[in-house]
Amino acid sequence: METGTGRRIAKALLGCFGATFLIVGIAIAILSRGLFADWITSKKEAIDASEVAYGELKPGSHVTLDVKVTLGAFMKHVESMKKGNSVVSSSATVYYLMPCLEDDAGGTKIAYFLSFAVGNKSSNSKKLNKLDEVFSEWWNDTTGNVARPDEVKATIDGRVAKMNSEELKYLDEYFSKYLKSMDREDYIQPVVIRELWTDGTEQDAKAFMIMCVVTTLLGIVMLFFALRRKRNNGKEAVPSNAPQEQI
């Protein structure tokens, strides 16, 4: 095999491997973006979401939220992995509305709502069952015999994220069906508090981050040398026995 042909084959292989590694690195980054965001958020100082003024929650903030009651769920997002016609695994994320109450001379009123999302595999998942019934029983009580629910049932350690179009759609449908007297834009900021580590652990985030960095760098280096080799091959070689110009 001629040297030039061998170099072209090596260059092509290097370019193919480089492109493959780069694509794999980008794919890992996209699929693990939630874990990466959770890892970055977990390093920030957490603030109490209920202490932040209405409308001031910023996407990317690290917050905690003590949940005593809810108005139930307005959305459930299910993800499934299939192998053929069989479901190998599935997970669900449930979106809740929590009323934030305010006391004044006229009594207790709902000042605004906070939205938070919890995975069905979270330790908080079962703690949130029937909290809407507890709230409804107290809120609609006319006898004064039902005590206000003040016990914290679950604490959410989460990341503030902007709601996407699907989440806003379901939220609007919930308001139009159950909260007709309230204007959604006046009572809830279009953000959701996503519980951290619903898609994995901190160790998973670190592992995927290392894989992403290593594969991406390998891809870039391979492509760099493949392209560099191509430029070098484009230069005309000067025979060693060619006559030299004399000055």
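Colleague: Go over the side chain of Ser125 with me, naming the residues and quoting the values.
Modeller: Mapping Ser125 onto the fold places it in the loop between β5 (107–119) and α3 (131–139). In this structure, Ser125 is in contact with Tyr96, Val118, Gly119 and Asn120, ignoring residues within four places of it in sequence.

Colleague: For the pairing of strand β2 (residues 62–67), give the residues involved together with the corresponding values.
Modeller: Here strand β1 (residues 47–48) pairs with β2 via 2 bridges, running parallel. Bridge pairing in β2 places Ile47 opposite Val63. Bridging between β2 and strand β6 (residues 154–162) involves 6 bridges; their strand directions are antiparallel. When the bridges of β6 are listed, His62 appears paired with Arg159.

Colleague: Any details on the packing of aromatic side chains? Residues and values, ideally.
Modeller: Taken as a whole and judged by the stated rule, the model has 10 aromatic pairs. Between Tyr54 and Tyr112 the ring centres are 5.2 Å apart and the planes differ by 35 degrees, which places this aromatic pair in the tilted class. Taken as a pair, Tyr54 in the loop between β1 and β2 and Tyr112 in strand β5 lie far apart in primary sequence, 58 residues in all. Given the relative accessible area of 34%, Tyr54 is considered partly exposed. Looking at Tyr112, the relative accessible area reads 14%, which means it is buried.

Colleague: Tell me about α3, and name the residues and values.
Modeller: Among the residues of α3, Leu131, Phe135 and Trp138 are the ones counted as buried. Looking straight down α3, one finds that the buried residues subtend no more than 70 degrees of arc, so they occupy a single side.

Colleague: If you had to explain unusual backbone geometry to someone new, which residues and values would you point to?
Modeller: In this structure, Lys130 takes a positive phi of about 65 degrees despite not being glycine. As for its placement among the helices and strands, Lys130 is situated in the loop between β5 and α3. Despite not being glycine, Trp197 has its phi angle at roughly 65 degrees, a positive value. Checked against the element boundaries, Trp197 lands in the loop between β7 (191–195) and α6 (202–233).

Colleague: Quick rundown of empty space enclosed by the protein? Include the residues and the values.
Modeller: Empty pockets left among the atoms are what a rolling probe the size of a water molecule brings to light. Enumeration according to the criterion identifies 2 cavities of 30 Å³ or more in this entry. Taken as a whole, the largest cavity spans an internal volume of roughly 50 Å³. As for the largest cavity, its lining consists of Ala49, Val52, Ala53, Tyr54, Gly55, Leu57, Tyr112, Phe113, Leu114 and Gln189. Considering only residue class, the lining of the largest cavity consists of 8 nonpolar, 2 polar and no charged. Every residue along the wall of the second largest cavity is listed here: Leu57, Phe113, Leu114, Ser115, Ile188, Gln189, Val191 and Ile193. For the lining of the second largest cavity, the elements supplying multiple residues, two or more each, are β5 and β7. By residue number, the principal contributor to the lining of the second largest cavity is β5, which donates 3 residues. Of the residues in the lining of the second largest cavity, the class split is 6 nonpolar, 2 polar and no charged.

Scoring rules and cut-offs
Residues numbered from 1 in each chain as written. Predicted model: local features only at pLDDT ≥ 70, side-chain atom pairs only at ≥ 80, totals over all residues. Heavy atoms only, no water. Helix = DSSP H or I, 4+ residues; strand = E, 2+ residues; numbered from the N terminus. Contact = heavy atoms within 4.5 Å. Pairing = 2+ DSSP bridges. Phe/Tyr/Trp six-rings, centres within 6.5 Å; stacked < 30°, edge-to-face > 60°. Buried < 20%, exposed > 50% of the residue type's maximum accessible area, 1.4 Å probe, protein only. Arc of directions from axis to C-beta. 1 Å grid on protein atoms, 1.4 Å probe; cavity = no way out; pocket = protein on both sides within 12 Å on 5 of 7 lines; lining within 4 Å. Points joined across faces, edges and corners; volume = space filled by probe spheres on them. Nonpolar A, V, L, I, M, F, W, Y, C, P; charged D, E, K, R; others polar.

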